[in-house]
Amino acid sequence: MIFDPQHRKESRSARISMALIRLSLAMKKMMQAESEALELSPIQIQTLLFAAYTRNDVATVGNFAKAIGTTHVTAVKVIQGLVRKGLIVKTPKPEDRRVTLLELTSKGKELVSKLEHWGGSLEESLQSMSEKMMANFELGLGSILSSLEKRGHLVVAEPCLGCIHFRPNVGDAATPHYCQMIRKHLSHEASLQECPEHTPSPAD
Ligand code: SF4
């Protein structure tokens, strides 16, 4: 097992697994410190970022719960806290009123605009790596994330470009792109938002 140092000596995958666990602990600590400065918790900030960067028709409570790997009940509690602070509003989805959409209020948008440097400590810690090292690291991490996603441990939301369902520039000026999965034309702005259904095309 990966917590056994003798096993780690003999196994590269165990060493990498342990490094990832240590990394996640360090990230948790860094994000806690950065969030405290804004008088919010890391999960509250993640909620605001989810509402800011997810395409509005899929910015649902359910997708938020999946994105952060928590239960619907926990997600609702976090969201309620932000509703009370006047940072988020909940609205029923016009096509299906049982589904709740999350939207930032103007106060929420103002706060998100101040989050430019949130998570910056992590990015800074990568600066000492060479471009080649970073490219290899990115490939390796991508492969781990994809494997975790296939096993249902993670949801990776990305914009439309590079998605297997994306058909760019096939519509009119207002909604130039098309998604074959949801069978809808999309505005360019909507295609730049994160979508939890993003499925990377094989070439990616
Ligand atoms: S499934 Fe793919 S193409 Fe469709 S909206 Fe999501 S990211 Fe865009």
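Just so we're clear, the structure is a prediction, and the values are computed from it rather than from any experiment. (Residues numbered from 1 in each chain as written. Predicted model: local features only at pLDDT ≥ 70, side-chain atom pairs only at ≥ 80, totals over all residues.)

## Thoughts on unusual backbone geometry
Here's step 1: Residue glutamate 39 is not a glycine yet carries a positive backbone phi of 60 degrees.
Here's step 2: Positionally, glutamate 39 belongs in the loop between α2 (12-36) and α3 (42-53).
Here's step 3: Despite not being glycine, arginine 183 has its phi angle at roughly 55 degrees, a positive value.
Here's step 4: Its location among the elements puts arginine 183 in the loop between β4 (177-179) and β5 (184-186).
Here's step 5: The class for arginine 183 is exposed, based on 8 C-beta atoms found within 10 Å. (Helix = DSSP H or I, 4+ residues; strand = E, 2+ residues; numbered from the N terminus. Buried ≥ 20, exposed ≤ 12 C-beta atoms within 10 Å, placed from the backbone.)

## Details of the environment of isoleucine 43
Here's step 1: Tracing the chain through its elements places isoleucine 43 in helix α3.
Here's step 2: Judged by C-beta crowding, with 17 C-beta atoms within 10 Å, isoleucine 43 ranks as partly exposed.
Here's step 3: Excluding residues within four positions of it along the chain, isoleucine 43 makes contact with Ile68 and Val78. (Contact = placed C-beta atoms within 7 Å.)

## Details of the site of the ligand
Here's step 1: Around the ligand sit Cys160, Cys163, His165, Phe166, Cys179, Met181, Ile182, Cys195, Glu197 and His198, and that is every residue in its neighbourhood.
Here's step 2: Of the residues belonging to the shell around the ligand, the class tally is 7 nonpolar, 2 polar and 1 charged. (Near = placed C-beta within 6 Å. Nonpolar A, V, L, I, M, F, W, Y, C, P; charged D, E, K, R; others polar.)

## Looking at the nonpolar core
Here's step 1: If you look at the biggest cluster of nonpolar residues, it comprises 24 residues, and the most contacted ones within it are Leu48, Ala51, Ile79, Leu82, Leu87, Ile88 and Leu102.
Here's step 2: At the level of elements, α3, α4 (61-68), α5 (72-84) and β2 (96-104) are the ones that each hand at least two residues to this core.
Here's step 3: With near-sequence residues (within four places) excluded, leucine 102 lies in contact with Ala51, Ala59, Val61, Phe64, Ile79, Ile88 and Lys90. (Core = buried A, V, L, I, M, F, W, Y, C linked by C-beta atoms within 7 Å.)

## Quick word on the sheet that holds β4
Here's step 1: With respect to topology, 3 strands assemble into an open sheet ordered β3-β4-β5, the strand pairing being antiparallel. With partners counted over all chains shown, the strands left at the sheet margins are β3 (166-167) and β5, one partner each.
Here's step 2: With 3 bridges joining them, β4 and β5 adopt antiparallel strand pairing. Looking across to β5, one finds that cysteine 179 is bridged to lysine 184. (Pairing = 2+ DSSP bridges.)

## With respect to the packing of α3 against α4
Here's step 1: The geometry of α3 relative to α4 is characterised by a closest axis approach of 11 Å and an angle of 125 degrees between their N-to-C directions. Judged by the inter-axis angle, α3 sits oblique to α4. Crossing handedness for the pair α3 and α4: right-handed. Seen from α3, the contacting residues are Ile43, Gln46, Thr47 and Phe50; seen from α4, they are Phe64, Ala67 and Ile68. (Axes fitted to C-alpha atoms, helices over the stretch in contact; angles between N-to-C directions. Parallel < 35°, antiparallel > 145°, perpendicular 65-115°, else oblique. Left-handed = near helix turned anticlockwise from the far one by under 90°.)

## Some remarks on the pairing of strand β1 (residues 88-93)
Here's step 1: Here β1 runs beside β2; their pairing, made up of 6 bridges, is antiparallel. Bridged to lysine 93 within β2 is aspartate 96.
Here's step 2: The turn joining β1 and β2, which pair antiparallel and follow one another in sequence, is formed by 2 residues.

## Quick notes on the environment of lysine 93
Here's step 1: Tracing the chain through its elements places lysine 93 in strand β1.
Here's step 2: Under the C-beta neighbour-count criterion, lysine 93 is labelled partly exposed, with 15 such atoms within 10 Å.

## A short note on the confidence of the model for the chain
Here's step 1: Summary statistics for the chain give a mean pLDDT of 92 and a share of 99% for residues scoring 70 or more.
Here's step 2: Taking the mean pLDDT of every element in the chain, the minimum, 86, falls on helix α7 (residues 120-125) and the maximum, 97, on β4. (pLDDT = per-residue confidence, 0-100.)

## Some words on α4
Given 3.6 residues per turn, any residue in an α-helix points the same way as the ones three and four places further on.
Here's step 1: Listed as buried for α4 are Asn63, Phe64 and Ala67. Looking straight down α4, one finds that the buried residues subtend no more than 100 degrees of arc, so they occupy a single side.
Here's step 2: Those residues of α4 hidden inside the fold are in contact with α3, α5 and β2.
Here's step 3: Just beyond α4, the residue with positive phi is glycine 69, at close to 65 degrees. (Arc of directions from axis to C-beta.)

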